[in-house]
Amino acid sequence: MKTMTCAQLGGACDLRLRGETADDVIKAQDKHLREAVADGQTDHEAALKDMKGRWKHPLKGMGWYKHTKKAFAALPED
Ligand SMILES: [Zn+2]
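About the cut-offs
- Residue indices begin from 1 for each chain and proceed along its sequence in written order.
- The predicted nature of this model means local features are confined to residues of pLDDT at least 70 and side-chain atom pairs, given and counted, to a pLDDT of 80 or more, with totals for whole chains, interfaces and linings taken over all residues.
- Side-chain metrics rest on all non-hydrogen atoms present in the structure, leaving aside hydrogens and water.
- Here a donor is an N, O or S atom found within 2.8 Å of the metal, or within 3.2 Å if the metal is Na, K or Ca; sites may look incomplete because water is not among the atoms.
- Every geometry call rests on angle ranges, with four donors termed tetrahedral when all angles are between 85 and 135 degrees, four termed square planar and six termed octahedral when opposite donors are over 155 degrees apart and all others are between 65 and 115, and everything else termed irregular.
- Working definition: helices are DSSP H or I runs of at least four residues, strands are E runs of at least two. Numbering for both runs from the N terminus.
- Structural elements are reduced to axes, namely lines fitted to C-alpha atoms, with helices fitted over the stretch in contact, and the angle between N-to-C directions of any two is expressed from 0 to 180 degrees.
- By definition, turning the near helix anticlockwise from the far helix through less than a right angle yields a left-handed crossing, and turning it clockwise yields a right-handed one.
- Pairs of residues are marked as contacts when any of their non-hydrogen atoms sit within 4.5 Å.
- Burial classification: accessible surface area is computed with a 1.4 Å probe over protein chains only, and a residue below 20% of its type maximum counts as buried, one above 50% as exposed, and the rest as partly exposed.
- For two strands to count as paired, DSSP must find a minimum of two bridges between them.
- For salt bridges, the criterion is a side-chain nitrogen of Lys or Arg within 4 Å of an Asp or Glu carboxyl oxygen.

How would you sum up the coordination of the zinc ion? Please name residues and give values.
Coordination of the zinc ion by the protein involves Cys 6 (SG), Cys 13 (SG), His 32 (NE2) and His 44 (NE2), with metal-donor separations of 2.0 to 2.3 Å. Coordination at the zinc ion is tetrahedral, judged from the four donor atoms that bind it and the angles of 106 to 112° they form at the metal. In terms of primary sequence, the donors binding the zinc ion are separated according to C-x6-C-x18-H-x11-H. Highlighted residues: Cys 6 in the loop between strand 1 (2–5) and strand 2 (16–19) and His 32 in helix 1 (residues 22–38), separated in sequence by 26 residues.

This is how it looks when you write it as structure tokens:
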């Protein structure tokens with residue numbers, strides 16, 4: 001398992017998200033952003049908007065996705 005923070009994934013807090021793969025962590029971040037915004041944390045709205053935009057425009061979001069996968073790969077296992 002590896003850990004990335006919400007902030008490393010473009011979010012606004014230091015919540016730690018764990019997963020076996022970059023995709024797991026990205027999915028966890030997606031869920032976290034939705035919950036944070038539903039909970040009234042307006043500082044997460046921009047990150048959620050960006051995340052939704054990536055699903056809608058996969059090619060434009062590819063740079064972020066590759067960057068995140070690379071960052072994940074470079075992390076040590078915890
Ligand atoms: Zn967060």
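Can you lay out the packing of helix 1 against helix 3 (residues 58–74) for me, pointing to particular residues and giving the numbers?
Viewed as axis vectors pointing N to C, helix 1 and helix 3 meet at an angle of 115°, and their least axial separation amounts to 9 Å. As helix 1 runs across helix 3, the sense of the crossing is right-handed. In this structure, helix 1 uses Ala 22, Asp 23, Val 25 and Ile 26 to contact helix 3, whose residues at the interface are Trp 64, Tyr 65, Thr 68, Lys 69 and Phe 72.

Requested: an account of the pairing of strand 2, with residues and values cited.
The side chains of a regular strand alternate, first on one face of the sheet and then on the other. Only one face of strand 2 is buried: it carries Leu 17 and Gly 19, and the other face, with Arg 16 and Arg 18, is open. Alignment of strand 1 against strand 2, held across four bridges, turns out to be antiparallel. Each residue of the ladder has a partner; that of Thr 5, found in strand 2, is Arg 16.

Explain the pattern of salt bridges to me, using residue names and the numbers behind them.
The tally for this structure, following the rule as stated, stands at three salt bridges. The partner of Arg 34 in a salt bridge is Asp 30, and the shortest N-O contact between them spans 3.2 Å. Of this pair, Arg 34 and Asp 30 both sit in helix 1, four residues apart, which is roughly one turn of that helix. With relative accessibility at 39%, the residue Arg 34 sits in the partly exposed group. Judged by its relative accessible area of 12%, Asp 30 falls in the buried class. For the salt bridge of Lys 31 with Glu 35, the shortest nitrogen-to-oxygen distance reads 3.3 Å. With a gap of four residues between them, Lys 31 and Glu 35 both fall in helix 1, about one helical turn apart. According to the relative accessible area criterion, Glu 35 is partly exposed, its value standing at 46%.

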